[in-house]
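Here's the letter readout for the chains.
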Amino acid sequence: MEKSDNVKLKIENISLRFGGVQALSGVSLDLREREILGVIGPNGAGKTSLINSISGFYRPQEGDIYFEGKKITRLAPDKIAELGISRTFQQIELYTGLTALDNLMAARHVRMHTNFLDGAIFLGRAQREEVQHRRVVEDIIDLLEIEGIRKKVVGALPYGQRKRVELGRALALEPKLLLLDEPMAGMNAEEKEDMARFILDVYDEKNIPIILIEHDMGVVMDICDRLVVLEFGRKIAEGTPDEIKMNQQVVKAYLGGD
Amino acid sequence: MAMIPGDFSQSYERDIAIFRTKTQWVVMVIGLAIMLTFPLFMSNYWLSLFNFIFVTVIAVLGLHLVTGLCGQISLGQSALMCVGAYTVGVLSVKFGISVWACLPLAGLVTGLIGMIFGAPALRVKEFYLAMSTLAAQFIIVWVVSHLEEWTGGQLGMYVPPATIGGFSSASPSNLFYIGFILTIVMIAVAKNIQRTRVGRAFIAIRDNDIAAEVMGINLFRYKLLAFFIGCFFAGIAGWMWAMYLQNINPSQFTLKESLWMLGMVIVGGMGSTTGAVMGAVFVRGLDMIADYASAWAGTVFPTIGEQAFTAFSLIIFGLVIVIFLIYEPRGLYHRWELFKASYRLHPYAY
Ligand SMILES: Nc1ncnc2c1ncn2[C@@H]1O[C@H](COP(=O)(O)OP(=O)(O)O)[C@@H](O)[C@H]1O
Ligand SMILES: [Mg+2]
């Protein structure tokens, strides 16, 4: 592969099948160091499958994925997370029995180093590590304005707050690339606005590229630098929000549908 | 925001402490000091009951780590205790290794064997894992019964007491001190693991293994580690058991006992160290009262027979666990938290 400095993630021609269902066919795309890339398309277009393939949860039968020049196509999900790819899920997937704080602390796993013996002794290494990483997590809690619920068990939190905690958990991994699968789905206008603001804050403060799947066209056009349009597992268009708005095929397939 | 003002690293240290206030420390120290006086006035009968409870608490803490925290069901904890007990027996009697040195060895050997039976956890969940650990229960006891040269088979074997100078664990009061210290250390270890990196990884796997893996937790490694640590506890409990009875034989390590331990984790409230201890004490306490009562009932109503009463007490315990599952799935621990909350007047409460 050619290695280009400003390409963070390179997807080359990936295809993914589930039995007879072709979830992705020959999808390629480049994600640059500094951009929010929107992925749009109707339900079942393969957006989630694309993100699942990047995080190693799905295995494309064909094609390759490179992150920072390194091939990650066959890596296990936990190894991909260690490289710094973090994500949220379309259906919230939190650790329901833990507090918001501990959900974020759990995501520090790949950045922490103590083993179970250090943990068993606690005093010394483990305690220092807890305090040090707690500080990082508290910064994220401040950023996302979830101070009030940090000690609440997340299973009992309302939907909008759980979505926010999940974003916090994704950030706590200290990612170099963030994948967000419909972070605003099911939210009211005000919550959506907050979430859009958080995403932009994260983008500015953490200096990382973001892939954002989102249905709300207003939001997508507003905050994304570039868009990719999927339909039936194929990439049918790619460009700036303005270019996409002018694209007849997209308008017919997707935007016009509304 | 309810953060304690002042230096953050200090306040975080305090925030993550088990005992956050002086009062809590004082209450704990006084409680422990009182327990240490038990051997001064209690009869050997009562001290033995405590020693039995210590064994149970340690084994249940191990199961709490595997099942309560990591969510991997295990139906073989009692058989793993058997491994620990026989590790001491064989190593001390056949190899002349000091009984004290056998304590960590019992933990290690049992931990490693537990890992073998826990390995299917990578591929299978719930029901099938239950089957695999159930196999552990039968295979281990079968093997121990058939390695007659080493273990004395069905007849069992004698295990010498742990001694140092004039001190011997053969006396229930001395064993009480050993069990007391072991139990406190193991509670601290369980609690510390739970509140740090590895413990959170276990809980993450229990609550959402898909998310856990995508967030960087190696499922295989951590499931195996949970089995290792949990079975290490079983090995320590097995050592204590060998000291407690000094005559061990395979029939002491039953499936019923394994199931009870699971019941204790449930009654205590899955996922809390304190709860696991409470569950162990509460159910073992009831169990002993019932044994006592059915023996008594057996003498009063000889025509019905002790067996029938024992069976009856089993049914009662089954009911207790079912009732907990239905009405208080969060267990005794949750009740205890509610109780404490109603007494809390402390300014830093959340
Ligand atoms: N785990 C799976 N098993 C079988 N089919 C799947 C699976 N995941 C996705 N699919 C199928 O792949 C297609 C794309 O799904 P998905 O990626 O979830 O779409 P989107 O996120 O764009 O709505 C759909 O037809 C869906 O049914
Ligand atoms: Mg989707």
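Residues numbered from 1 in each chain as written. Chains lettered and ligands numbered in written order. Predicted model: local features only at pLDDT ≥ 70, side-chain atom pairs only at ≥ 80, totals over all residues. Heavy atoms only, no water.

## Focus: unusual backbone geometry
Residues and elements named next belong to chain A. To keep things clear, this is the line we draw: A helix here means a DSSP run of H or I that spans at least four residues, while a strand means a run of E at least two residues long, and both kinds are numbered starting from the N terminus. Only protein chains enter the accessibility calculation, which uses a 1.4 Å probe. A residue is then buried if its area is under 20% of the maximum for its type, exposed if over 50%, and partly exposed in between.
Of note, the phi angle at F122 is positive, near 65°, even though the residue is not glycine. Structurally, F122 is set in the loop between α4 (116-121) and α5 (125-143). Owing to a relative accessible area of 5%, F122 belongs among the buried residues under this scheme.

## So, the coordination of the magnesium ion (ligand 2)
Residues and elements named next belong to chain A. Inclusion rule: Any N, O or S atom lying within 2.8 Å of the metal counts as a donor, and for Na, K and Ca the limit rises to 3.2 Å; water is left out, so some sites can look incomplete.
Protein coordination of the magnesium ion (ligand 2) is provided by T48 (OG1) and Q90 (OE1), with donor distances spanning 2.0 to 2.1 Å. With T48 in helix α1 (residues 47-54) and Q90 in the loop between β6 (85-87) and α3 (100-107), this residue pair connects regions lying 42 residues apart in the sequence. Residue classification places T48 among the partly exposed residues on the basis of a relative accessible area of 24%.

## A word on the interface of chain B and chain A
It is common to give the size of an interface as the accessible area that goes away when the parts come together. Here is the rule: A contact between two residues is defined here by any heavy atoms of the two lying within 4.5 Å. Buried surface area refers to the total accessible area, computed with a probe of radius 1.4 Å, that the two partners give up upon joining, counted for both partners together. Basic side-chain nitrogens of Lys or Arg form a salt bridge, by our definition, when they fall within 4 Å of a carboxyl oxygen of Asp or Glu. Here a polar contact means two N or O atoms within 3.5 Å. Within protein one must be a hydrogen donor candidate and the other an acceptor candidate, and residues neighboring in sequence count only if both atoms are side-chain atoms.
On the chain A side, the residues contacting the 36 residues of chain B number 44 residues. For the pair chain B and chain A, the summed buried surface comes to about 3,500 Å²; carbon and sulfur atoms form 64% of the total. For the pair chain B and chain A, the interface holds four salt bridges. A salt bridge links R200 of chain B to E130 of chain A; the shortest N-O distance between them is 2.9 Å. Applying the counting criterion to the chain B and chain A interface returns 12 residue pairs in polar contact (both at pLDDT 80 or more).

## With respect to the side chain of N174 of chain B
Topologically, N174 of chain B is positioned in helix α9 (residues 172-194). Those residues in contact with N174 of chain B that sit more than four places away from it in its chain are F167, S168 and S169 of chain B.

## Remarks on the sheet that holds strand β2 (residues 21-32) of chain A
Residues and elements named next belong to chain A. To keep things clear, this is the line we draw: Note: two strands are recorded as paired if DSSP finds a minimum of 2 bridges between them. Throughout, an axis means a line fitted to C-alpha atoms (over the contacting stretch in the case of helices), and angles, computed between N-to-C directions, take values from 0 to 180 degrees.
Strand order in the open sheet made by the four strands is β2-β1-β4-β5, with antiparallel pairing throughout. Whereas interior strands pair on both sides, the edge strands pair on one side only; in this sheet they are β2 and β5 (70-71). Where strand β1 (residues 7-18) and strand β4 (residues 62-67) come together, five bridges link them in antiparallel fashion. Across the sheet, E12 pairs through a bridge with D64, a residue of β4. Taken strand by strand, α1 contacts β1, β2 and β4, and its axis lies near 115° from that of β1.

## Focus on the site of ligand 1
Residues and elements named next belong to chain A. For the record, the criterion: Think of it this way: one heavy atom of a residue within 4 Å of a molecule or strand is enough to make that residue near it. To be clear on the numbers: accessible area is Shrake-Rupley with a 1.4 Å probe, and residue cover counts the displayed protein chains and nothing else. In the scheme used here, Gly and all other residues not listed as nonpolar or charged are polar, with Ala, Val, Leu, Ile, Met, Phe, Trp, Tyr, Cys and Pro taken as nonpolar and Asp, Glu, Lys and Arg as charged.
Taken together, the neighbourhood of ligand 1 is formed by F18, V21, A23, P42, N43, G44, A45, G46, K47, T48, S49 and Y58. Between ligand 1 and the protein, one listed contact pairs an oxygen atom with a backbone N or O atom of G44 at 2.8 Å. Here K47 contributes a backbone N or O atom positioned 2.8 Å from an oxygen atom of ligand 1. Calculation on ligand 1 without its partners gives an accessible area of 550 Å², and the protein chains cover 64% of this total. Contributions of two or more residues to the shell around ligand 1 are made by β2 and α1. The element contributing the most residues to the shell around ligand 1 is α1, with three residues. Here the shell around ligand 1 is built from residues that sort into six nonpolar, five polar and one charged.

## Some remarks on the layout of surface pockets
Over the atoms, a rolled probe matching the size of one water molecule traces out where space is still vacant. Residues and elements named next belong to chain B. This is how it is decided: Cavities and pockets were defined on a 1 Å grid built over protein atoms only: a cavity is a set of grid points that admits a 1.4 Å probe from which the probe cannot escape, a pocket is an open set flanked by protein on both sides within 12 Å along at least five of seven lines, and lining residues are those with an atom within 4 Å of any such point. Grid points are joined across faces, edges and corners, and a volume is the space filled by probe spheres set on the points.
Empty space within the second largest pocket amounts to approximately 640 Å³. Together, 27 residues line the second largest pocket, and F52, R284, D287, M288 and D291 are the ones closest to its centre. Contributing elements (two or more residues each) for the lining of the second largest pocket: α4 (44-69), α5 (77-93), α13 (255-268), α14 (273-300) and α15 (306-327). Grouping the amino acids of the lining of the second largest pocket by side-chain chemistry returns 14 nonpolar, seven polar and six charged.

## Focus: the confidence of the model for chain B
Parts of the model with low pLDDT should not have their predicted coordinates read in detail. Heads up, the rule is: What pLDDT conveys is the predictor's confidence in a given residue, as a value from 0 to 100.
Residues of chain B with pLDDT of at least 70 account for 87%, and the chain-wide mean is 87. Under a pLDDT of 50 for its full length, residues 1-6 of chain B has, in the predicted model, 12 contacts with residues more than four places off or in other chains.

## Observations regarding the pairing of strand β9 (residues 226-231) of chain A
The side chains of a regular strand alternate, first on one face of the sheet and then on the other. All names here are of chain A. Counted residue by residue, β9 has six buried out of six residues, so it is predominantly covered. Neither face of β9 is open: one carries R226, V228 and L230, the other L227, V229 and E231, and all of them are buried. Two elements, strand β3 (residues 36-40) and β9, share four bridges in a ladder whose sense is parallel. Its bridge partner being in β9, V39 is matched across the sheet by V228. With five bridges joining them, β9 and strand β10 (residues 234-239) adopt antiparallel strand pairing. Paired with L230 across the two strands is K235, which belongs to β10.

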